[in-house]
Amino acid sequence: MTPEEFRKAGHELIDWIADYRQRIDSYPVRAQVTPGEVHRKLPDSPPSQSESLDALITDLENIVVPGITQVQHPMHYGWFPSNAALASVLGDITSSGLGTLGISWESCPALTEVEEVVCDWMRQLAGLSDSWQGTIHDTASTACLTALLVARERLSEFSEFGGGLQGLNKPLIVYTTEQAHTSVVKAAMLAGFGQLNIRQISTDPQTYAMSADVLQRTMADDVDKGYIPAVVVASLGSTGVVTFDPVDEVVDIAAQHGAWVHADAAMAGTAMMLPECRDLFKGIEGADSISWNPHKWMGTILDTSLFYVRDPRTLVHVMSTNPSYLRSSVDGDVTQYRDWGIPLGRRFRALKLWFHLRLDGPEAICERLRRDLDNAKWLERQVSTTDNWKVVAPVRLQTICIRHEPPGLEGEALDAHTLTWVNAINESGKAFLSASVLDGRWMVRVSIGVESTTRDHVKALWELLQATALEKLV
Ligand SMILES: *Cc1c(COP(=O)(O)O)cnc(C)c1O
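Keep in mind the model is a prediction, meaning the values are calculated, not measured.

K.L.:
Hey, could you run me through the packing of aromatic side chains in this one?
P.N.:
Here the distance between the centres and the angle between the planes together describe a pair of aromatic rings. Counted according to the given criterion, the structure contains 8 aromatic pairs. With a centroid separation of 5.8 Å and an interplanar angle of 45°, the aromatic rings of tyrosine 20 and tyrosine 27 are classed as tilted. For the pair shown, tyrosine 20 and tyrosine 27 are each scored as buried. For the ring pair tryptophan 389 and tryptophan 462, a centre distance of 5.3 Å and an interplane angle of 70° mean the geometry is edge-to-face. Of this pair, tryptophan 389 sits in strand 8 (residues 389-391) while tryptophan 462 sits in helix 14 (residues 455-471); the two residues are 73 residues apart in sequence, bridging distant segments of the chain. Accessibility classification places tryptophan 389 together with tryptophan 462 in one group, the buried group. Joined through ring pairs, the aromatic side chains of Trp16, Tyr20 and Tyr27 make up one cluster. Residue placement shows lysine 296 over the ring face of phenylalanine 80; its charged tip is 4.3 Å from the ring centre. Over the ring of tryptophan 132 we find arginine 310; its NZ or CZ atom is 5.8 Å from the centre of that ring.

In structure tokens, the structure reads:
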């Protein structure tokens, strides 16, 4: 494809994307396809000749779009807001269009230095002190794995340069809670800590936040046994109920043992942009690393996951390989982001944030976040003041965990009722919600925060919830 052909096709494709976004609320929220349906509609073998853009767009319309669960739909309340602000989409397209290679500062100085600057802008917008330095990873899962690898090395006196974990005679212990994201246990296992050395610290029965007392006792107990408390992963906005572990107490306890503290604020980190929400993060300055996904509620399209550390030297010490073919005369003066994570080749991801912040502006983004918080408060009020409806966990931000509890329904019968009404809504395509288990019982999470979701949409959802739950009550 020549640049001229690209220009023509690009205009057409951008028009198609804009139209698609405009009519997104005409699609069912959850994809209505059956397993294998998309696959069967595609040819078994690759094309033998070039095809037209029209043929591609036709297949996008007829095969791909029906196979999308429309997370940009204003009635999407599942999982978490996975916004893809169009301003950031332009940044993503630009990143691809420039076709840069990020393997060293030299291979694209702008890639490195724009990333330094936008990470620092984001730090300022979050109200974090200037003792943090950031980079952009693909996901919070990668950021968590990176943090755990660095923690492992710091607490094992850099065993990677010797016998590795196989040379240690004391187990390194990881602490988190059952409310933490599954990526935490996955990262701990992949980083070689071993499942037996992961402690699920119990949580407060009302707030579901990590119990600092239990953490204190468990760490002391491990020390008595000759183990090494290595790292605490604190959830700042957990996945299920969006609870906040008491990171201020956690950092004090961890400091007694020199343990690393990773603050997982993947979803809720966006709330740091609102000064009125910063109390929830009290103590985060004492952590060693922070992960925060602008690609969730804030809306900078995937994959944009910020990873901040207070001590990049340790990070670089663990991650650096510095092969001869990548060395250059400026190495001492520049940031080599390949040494801040696992991949060598990196995309120009910073452009997504750069475009988003410059074209939409932080003020408009914050206004939208406040709108979502108001909508969540409104729904919480409706649910908590309506007979037989219950809010089952404290509402900290934009996620409301609810249950319809008609008299006489308990235990498994109540679970069956919950799953019946939520599945009916999801199958209808009118709205999408996630069911989740809390204290052994199914509940339904309403995660508000899609860019296009207004109060009217939340009102429509509340009507739909009540009507469907009653209808399914036989
Ligand atoms: C979404 C989420 C993750 C995982 O994020 P990815 O970027 O998809 O890996 C981790 N922790 C929390 C608290 C999350 O909400």
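Alright, that's what it looks like, and here's the rest.
K.L.:
What is the right way to read helix 1 (residues 3-22) from this model?
P.N.:
Owing to its 3.6 residues per turn, the α-helix aligns residues three or four sequence positions apart on the same side. Given a rise of 1.5 Å per residue, 20 residues ought to cover 28 Å, and the 28 Å separating the end C-alpha atoms of helix 1 matches this to within 8%. Buried within helix 1 we find Ala9, Trp16 and Tyr20. Along helix 1, the residues classed as buried sweep out an arc of 45° about the axis, all on the same side. Along helix 1, exposed side chains directed more than 90 degrees from the buried face belong to Pro3, Glu4, His11 and Gln22. Where helix 1 is buried, its residues contact helix 3 (53-64).

Reading the values: the criteria
- Residues numbered from 1 in each chain as written.
- Predicted model: local features only at pLDDT ≥ 70, side-chain atom pairs only at ≥ 80, totals over all residues.
- Heavy atoms only, no water.
- Phe/Tyr/Trp six-rings, centres within 6.5 Å; stacked < 30°, edge-to-face > 60°.
- Buried < 20%, exposed > 50% of the residue type's maximum accessible area, 1.4 Å probe, protein only.
- Helix = DSSP H or I, 4+ residues; strand = E, 2+ residues; numbered from the N terminus.
- Lys NZ or Arg CZ within 6 Å of the ring centre and 35° of its normal.
- Expected span 1.5 Å × (residues − 1).
- Arc of directions from axis to C-beta.
- Contact = heavy atoms within 4.5 Å.

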